[in-house]
Amino acid sequence: MMGKAKKRSFHRGINDRVSNLSREEAIKIVASEITVNPESIYGLITLFGLSAEELLEAGASFEAVMGIKGLLK
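For clarity, every value in this text was computed on a predicted model and none was experimentally measured.

### With respect to helix 2 (residues 23-33)
Logical step 1: Turning to helix 2, its buried residues are Ala26, Ile27, Val30 and Ala31. Each buried residue of helix 2 lies within a common arc of 130 degrees when the element is viewed along its axis, so the set occupies one face. For helix 2, exposure combined with an orientation more than 90 degrees from the buried face picks out Glu24 and Lys28.
Logical step 2: Along its buried surface, helix 2 packs onto helix 3 (42-48) and helix 4 (52-57).

### Observations concerning the pattern of salt bridges
Logical step 1: Within the structure shown, the criterion is met by 1 salt bridge.
Logical step 2: Two residues, arginine 23 and glutamate 54, come together in a salt bridge whose shortest N-O distance is 3.0 Å. Here glutamate 54 lies in helix 4 and arginine 23 lies in helix 2, a separation of 31 residues in the sequence.
Logical step 3: Residue class for arginine 23 comes out partly exposed when judged on its relative accessible area of 30%.

Conventions we followed
- Residues numbered from 1 in each chain as written.
- Predicted model: local features only at pLDDT ≥ 70, side-chain atom pairs only at ≥ 80, totals over all residues.
- Heavy atoms only, no water.
- Buried < 20%, exposed > 50% of the residue type's maximum accessible area, 1.4 Å probe, protein only.
- Helix = DSSP H or I, 4+ residues; strand = E, 2+ residues; numbered from the N terminus.
- Arc of directions from axis to C-beta.
- Contact = heavy atoms within 4.5 Å.
- Salt bridge = Lys/Arg side-chain N within 4 Å of Asp/Glu carboxyl O.

As structure tokens, this is what we get:
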């Protein structure tokens, strides 16, 4: 569980990356980080409204995508 300060810092970092981020770049980031650091990708998934199909086409594993299916469209 994250503390409030750590959570704020974490989200500030995500917001800095998102300012110039395209949908295609977000899909690539999520597909590569889904197994390594799944907590860091929730913001991108919900912000861009990514689908399971997009992540699978980008190379994410089926098991990892099914693990977060509640967030996906």
